[in-house]
There are 2 protein chains.
Amino acid sequence: MADLHLVVDRAAGGVAAQIARELREAVRRGRLAAGVRLPASRELARDLGLSRGVVVEAYEQLVAEGFLISRTGVGTTVAPAAGRPAALPGGLPGGLSRPPDSATSPADPGSTSPAEGREPYHGRRSTSPDLRAFPRERWLASMRRTLAALPVEALDYGDPGGVSALREELAAYLGRVRAADVTPDNLVIVGGVAQGLSLTVQALAGRLPQARAHHDLDWFVRRVEHPVPSPGRILLAVEDPAGVRQLPLLRAAGADLVAVPADDEGIDVEALAGTGARAVMLTPAHQYPTGVVLSPRRRAELIEWAVATDAMILEDDYDAEFRFDRDPVGCLQGLAADRVVLVGSVSKSLAPGLRLGWAVAPPRIAGSLRLARGELDMGSPVLEQYVLADFVATGDYDRHLRRMRRQYRARRDALVLALGEHLPEITVRGVSAGLNLFAELPYGWDEASVVARAEECGLAVEPVGPMRHAPGPPALLMGFARLPEHRADQAVRALASALGARGELRFRLETPG
Amino acid sequence: MADLHLVVDRAAGGVAAQIARELREAVRRGRLAAGVRLPASRELARDLGLSRGVVVEAYEQLVAEGFLISRTGVGTTVAPAAGRPAALPGGLPGGLSRPPDSATSPADPGSTSPAEGREPYHGRRSTSPDLRAFPRERWLASMRRTLAALPVEALDYGDPGGVSALREELAAYLGRVRAADVTPDNLVIVGGVAQGLSLTVQALAGRLPQARAHHDLDWFVRRVEHPVPSPGRILLAVEDPAGVRQLPLLRAAGADLVAVPADDEGIDVEALAGTGARAVMLTPAHQYPTGVVLSPRRRAELIEWAVATDAMILEDDYDAEFRFDRDPVGCLQGLAADRVVLVGSVSKSLAPGLRLGWAVAPPRIAGSLRLARGELDMGSPVLEQYVLADFVATGDYDRHLRRMRRQYRARRDALVLALGEHLPEITVRGVSAGLNLFAELPYGWDEASVVARAEECGLAVEPVGPMRHAPGPPALLMGFARLPEHRADQAVRALASALGARGELRFRLETPG
């Protein structure tokens, strides 16, 4: 039984969250070792003079995050892979990139032509936030404060890894809200999740500088012909289904992709282990597109796999800000900071057009990303970095998120209600978080036709078929962020009627092939 | 003799500039073919009812830009390589990248370790603008107007090549002020000159997508081992001396570098031709660091070389906004739009921290850059693109540049005067433009020691030695943008006195080796 020293401030409120935070830190810092059994919730509640429900809530949160494991008959124990692994091969996993003297690497039969699949992706998506709600006045007020207070030298070339004011605000924010294990030094500002993922893959593939050095003054070359190493590639596992828009980007960065099924607990770690991949990219907070939250069991397995195989996990913290029915589940990165690169952005919380995001990574990878930005584009524009720092520091960011969470929850409820009423054949999943739901269609329905009808009825939808590697049941992604409550019923009723009038859509059997 | 149809609006003023513009367009569009002799200035002046000086000024401007050639006894003729070449192998010069099935390419003995020479460059430089003059209030006013007027969808993912409002404003601006041959479609917004150059080199080395295509849905790969082509490299010529900060970036992008001497007419084109390089990067408006403006003769030779060898010219439009003693010389790109990629930014005109720039390129390269940004970082943040568009459209940008030009000219004059008075041993060059001058030290002076003394006296200086490939006389780069007029005399006097008190600095002979 662990000897717990928990400091709880009853007056401060949020006691369950306080207990969870204390326990999380204890696990993370090694004070609670793997396998240690925690007091029964009833005992701990009595010791602390709290109601049992509060302790249960704290335990459940940590089980969901993968820090604790709860088993009938055994009680609650610290998860095997949680906390800082004792003897990890530190730094950049060298095994990830192919040997620099090798001229061969896995090819990608899907991209015989360099032009294939490379259309840039922009424009509205079913998963876009409601951009009418962008806080223009508050953003302008932050810009006004920033321009009034900014020292002159801040307008010069900045740290390519991001201005420190923003890295400090975000590190504090991610530690608090996402239970991330982060300091300003291992957080790098990037131009959104796309750039964060691209640079991370390049780092793992050995394509980025890995250390700082003096200026190389003998920088010219007389023409000499001899072999140059080909940039490395890595085998990167991605979930099936997954968002296809990021895939060309990942391949261009040096990743050969392999599909691993995601079921209703998230990615299948056993299947992952079978691929031989040395890195995996996934969306644990809200799987894209299914909306599944990675289960506690899978979290633990995934970390175990990464530690055992010296692999890295790329955590796309997709939609993490919008969790409706319970506290957000902490990020994977907080569970294994040496094994995870956490990438997030303000694209869902504020607007994609801001192109501001972050990557939290082990020190050597973070250093590579920073150096890479110094070579590539000299970092993100500084003014808006200061504005975002101000926006977070003043609490405007939290207030905006709370307002949007309320609004999106109401819109989700309206859409789910309408679907249940008018299209009960559709199974709705993944609704506890995010800006879209996963609508499974009955066997035989034709995705493309339903998408066409739904768009005619003003619904924001995307077919899931193209996101699948292995075939699966027909399904749609339905966005609710931009669908006002009062329009949901009408839109779904119109869709039901359009589908009813075309019975063949609802009952057409898929033809083989 | 050419039959000229020149439309001149006397009431509009700037008649010489009008004539220059008309003639430039006539050459560019092929109405005035290479070799055609223009009317004598006296004749044309009489025909147009203008003073001869006006025509002479227009001719001189076009000679300086390389559109015309003036030879004693022959008169003024259209330059051989000016205008659109008749039968160019169109599009991306395929010969630039090494064959994809070759695993060999020129190696770079200067970079045996991947980490060498890769320290990102930031912080203050001798060439930085005066950031105290950043127009904070006007910038905020543009932001206010932008946020008030911006349509909702503009906050979503934008065109990765840049928002059209800004591309239109900049295309018009660069055509007007830099005599660039540009439309909004062949202009791509980039995060500064660094990113523009990096992506251009990647395009020439065959590392970027070259065409749009449908989404590649068969995007997974089973692990298959067979050879993958190594990304191409190009042999890129750079000027000697040159700014060293960009060189690691260029090498990382796929360039093997070869040095070509720059003399007091700019780059030596004959030496360039001898290198076998298929691309060259240079600073024609104000050579960095010597301050030389590329001569008309060299401009013509350079274009001829590029056409004859199917090569590309990367024009870093460095310091082009600040030309003090005459009209700016038009950019090279305006002379041969098929052969030149023009890269510029607002780093000198507004602030480096904005990370906003442009690349003007032949359509296929421009298309590659746009696609590459779609894969890499999804483009630059949109809000500040709209703000800059507003800033240019309202004339605030021009007003700011005019104000700064006056201020910088006064500071330059004060520094040049003080150097002439207190340190006549120093030969000052490259003062007609830019934010720094080139100070040649007498034989035997020690650069590093003078730099140390100069910094103690409050002067912003950099040694030129590290920028040289071949040895050259000791010299400094001296910035004047941030040196108020009233402090120049005092600072230079202090330097003279510090050097006088240490005679060994002024008269020490260089030791061999």
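These remarks concern the structure in this document. Please read these numbers as outputs of a predicted model, since none were measured by experiment.

## Examining the overall build of chain A
- Scanning chain A from N- to C-terminus turns up 15 helices and 16 strands.
- Taking all 513 residues of chain A together, the buried fraction comes to 61%.
- Sequence-distant contacts, at least 24 apart, represent 75% of the contacts inside chain A between residues at least 6 apart.
- If you sum the accessible surface of chain A, you get close to 19,100 Å²; carbon and sulfur atoms cover 52% of it.

## Considerations on helix α2 (residues 41-48) of chain B
All names here are of chain B.
- Residues of α2 that are buried: Ser41, Leu44, Ala45 and Leu48. Mapping the buried residues of α2 onto a view down its axis gives an arc of 100°, with all of them on the same face. Among the exposed residues of α2, those pointing more than 90 degrees away from its buried face are Arg42, Arg46 and Asp47.
- Residues of α2 that are buried sit in contact with α1 (15-28) and α3 (52-65).
- Count one or two residues on from α2 and you reach Gly49, which has phi positive near 70°.

## Remarks on the packing of aromatic side chains
- Tallied over the entire structure, the rule returns 12 aromatic pairs over all chains.
- Note on Phe134(A) and Trp139(A): the rings are 5.9 Å apart at their centroids and 55° apart in plane angle, and the pair reads as tilted. Residues Phe134(A) and Trp139(A) agree in their burial class; the two are buried.
- Relative to Tyr318(B), the ring of Tyr288(B) lies with its centre 5.2 Å away and its plane at 85°, an arrangement referred to as edge-to-face. Of this pair, Tyr288(B) sits in the loop between β9 (279-282) and α9 (296-309) while Tyr318(B) sits in the loop between β10 (312-316) and β11 (340-345), and the two are 30 residues apart along the sequence. In terms of burial, Tyr288(B) and Tyr318(B) fall into one category: buried.
- Among the aromatic residues, those joined into a cluster by ring pairs are Phe134(A), Trp139(A) and Phe391(A).

## Observations concerning the sheet that holds β9(B)
Residues and elements named next belong to chain B.
- The strand order across the open sheet formed by eight strands is β4-β12-β11-β10-β9-β6-β7-β8, and the pairing between neighbours is mixed. A single partner strand is all that each edge strand has here, and the edge strands are β4 (187-190) and β8 (266-267).
- Across four bridges, the pairing between β11 and strand β12 (residues 357-360) is antiparallel. The residue of β12 that forms the bridge with Leu342 is Val360.
- Against the sheet, helix α5 (residues 164-177) touches β4 and β12, its axis set at about 115° to β4.

## Some remarks on the sheet that holds strand β15 (residues 460-463) of chain A
All names here are of chain A.
- Strand order in the open sheet made by the four strands is β13-β14-β16-β15, with antiparallel pairing throughout. With one partner strand each, in any of the chains shown, β13 (427-429) and β15 form the two edges of the open sheet. When the angles between neighbouring strand axes are averaged without regard to direction, this sheet yields 30°.
- Both β13 and strand β14 (residues 436-440) contribute to a ladder of three bridges, which runs antiparallel. Bridged to Arg429 within β14 is Phe438.
- Relative to β15, helix α13 (residues 447-456) is tilted by about 170°, and along the sheet it contacts β15 and β16 (475-479).

## Structural notes on the packing of helix α1 (residues 15-28) of chain A against helix α3 (residues 52-65) of chain A
All names here are of chain A.
- Contact pair α1 / α3: the axes reach a minimum separation of 8 Å and the direction vectors enclose 45°. What the angle tells us is that α1 and α3 run oblique. The hand of the α1/α3 crossing is right-handed. Between α1 and α3, the contacting residues are Val15, Ala16, Ile19, Ala20, Leu23 and Arg24 on the first element and Val54, Val55, Glu57, Ala58, Tyr59, Gln61, Leu62 and Glu65 on the second.

## What to know about a positive patch on the surface
- Residues Arg402(B), Arg403(B), Arg406(B) and Arg409(B) make up a contiguous surface patch of positive charge.
- With respect to the helices and strands, the residue Arg406(B) is situated in helix α12 (residues 396-422).

## Quick look at the pattern of salt bridges
All names here are of chain B.
- Throughout the structure, instances matching the rule amount to 44 salt bridges over all chains.
- Asp396 serves as the salt-bridge partner of Arg145, at 4.0 Å between the closest nitrogen and oxygen. Taken together, the residues Arg145 in helix α4 (residues 136-149) and Asp396 in helix α12 connect sequence positions 251 residues apart.
- A salt bridge links Asp396 to Arg399; the shortest N-O distance between them is 2.9 Å. Here Arg399 and Asp396 lie together in helix α12, a separation of three residues that amounts to about one turn.
- Looking at Asp396, the relative accessible area reads 4%, which means it is buried.

## What about the pairing of strand β4 (residues 187-190) of chain A?
Residues and elements named next belong to chain A.
- Along β4, one buried face is formed by Leu187 and Ile189 and the opposite face, lined by Val188 and Val190, is buried too.
- Note: β4 against strand β12 (residues 357-360), four bridges, orientation antiparallel. When the bridges of β12 are listed, Val190 appears paired with Gly357.

## As for helix α10 (residues 363-376) of chain B
All names here are of chain B.
- Here α10 is 14 residues long and its end C-alpha atoms lie 20 Å apart, about the 20 Å a rise of 1.5 Å per residue gives.
- With 11 of 14 residues buried, α10 is to be regarded as a mostly interior element.
- Burial in α10 covers these residues: Ile365, Ala366, Ser368, Leu369, Arg370, Leu371, Ala372, Arg373, Gly374, Glu375 and Leu376.
- Phi turns positive one or two residues past the end of α10, at Met378, with a value near 65°.

Cut-offs applied
- Residues numbered from 1 in each chain as written.
- Chains lettered and ligands numbered in written order.
- Predicted model: local features only at pLDDT ≥ 70, side-chain atom pairs only at ≥ 80, totals over all residues.
- Heavy atoms only, no water.
- Helix = DSSP H or I, 4+ residues; strand = E, 2+ residues; numbered from the N terminus.
- Buried < 20%, exposed > 50% of the residue type's maximum accessible area, 1.4 Å probe, protein only.
- Contact = heavy atoms within 4.5 Å.
- Areas by Shrake-Rupley, 256 points an atom, 1.4 Å probe, with all protein chains shown as cover.
- Arc of directions from axis to C-beta.
- Phe/Tyr/Trp six-rings, centres within 6.5 Å; stacked < 30°, edge-to-face > 60°.
- Pairing = 2+ DSSP bridges.
- Axes fitted to C-alpha atoms, helices over the stretch in contact; angles between N-to-C directions.
- Parallel < 35°, antiparallel > 145°, perpendicular 65-115°, else oblique.
- Left-handed = near helix turned anticlockwise from the far one by under 90°.
- Patch = residues over 30% accessible without salt bridge, like charges linked within 9 Å, V, L, I, M, F, W, Y side chains within 5 Å.
- Salt bridge = Lys/Arg side-chain N within 4 Å of Asp/Glu carboxyl O.
- Lys, Arg positive; Asp, Glu negative; His and termini not counted.
- Charge placed at Lys NZ, Arg CZ, Asp CG, Glu CD.
- Expected span 1.5 Å × (residues − 1).

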